[in-house]
Amino acid sequence: MPLLYIDLIEGRTPAEVTELLDAIHDAVVDAFGVPLRDRYQVVRTHPAHEIVAWDTGLGIERSSRLVVVHVVSRRRTREAKEKFYELLASNLAERCGTDPADLIVSITENGDEDWSFGHGRAQFLTGALK
């Protein structure tokens, strides 16, 4: 936990996707302090015409290498979120050649009762996870 959905425009190789996921996971571990094996990622690829990502008036130019990351997570501090955004942009730029302009991130927060990691149990509520 957190659960990450990553949307990409199709065309990346499996090796590129693996490196991208590793770079994202490293940012999650560093910024949110989660265990290394706490990794939940779902990648969806789309034809270019299925993703519309304008610049909200910020003058941001995007390319076909766009990465959209949606994080579903327990509550995080503002500082942790800002650290995550910075680490994510840095990791993707250094390791994947992703222009920071091609990164969009959204975080949706929820509570302990909103998670089950298997076996029909709410592990945060039962105390199996902290």
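Scroll up to find the structure this text is about.
Described below are features of the structure shown in this document. Since the structure is predicted, the reported quantities are computational estimates derived from the model, not experimental observations. (Residues numbered from 1 in each chain as written. Predicted model: local features only at pLDDT ≥ 70, side-chain atom pairs only at ≥ 80, totals over all residues. Heavy atoms only, no water.)

1. Some points on the packing of aromatic side chains
- Taken as a whole, this structure holds five aromatic pairs when the rule is applied.
- Aromatic pair Phe84 and Tyr85: ring centres 6.3 Å apart, planes at 50°, arrangement tilted.
- Take Tyr85: its relative accessible area is 34%, and that puts it in the partly exposed class.
- Cluster of aromatic residues (ring-pair linked, three or more members): Tyr40, Trp115, Phe117 and Phe124.
- The ring of Phe124 carries the charged tip of Arg74 above its face, separated from the ring centre by 3.8 Å. (Phe/Tyr/Trp six-rings, centres within 6.5 Å; stacked < 30°, edge-to-face > 60°. Buried < 20%, exposed > 50% of the residue type's maximum accessible area, 1.4 Å probe, protein only. Lys NZ or Arg CZ within 6 Å of the ring centre and 35° of its normal.)

2. Brief notes about the pairing of strand β2 (residues 40–46)
- Of the pairings in the sheet, the one linking strand β1 (residues 3–9) to β2 comprises seven bridges and is parallel in character. Paired with Tyr5 across the bridge in β2 is Val42.
- In this view, the connection linking β1 to its parallel neighbour β2 by way of helix α1 (residues 14–32) has right-handed handedness. (Pairing = 2+ DSSP bridges. Helix = DSSP H or I, 4+ residues; strand = E, 2+ residues; numbered from the N terminus. Right-handed = clockwise from strand over helix to strand, strands pointing away.)

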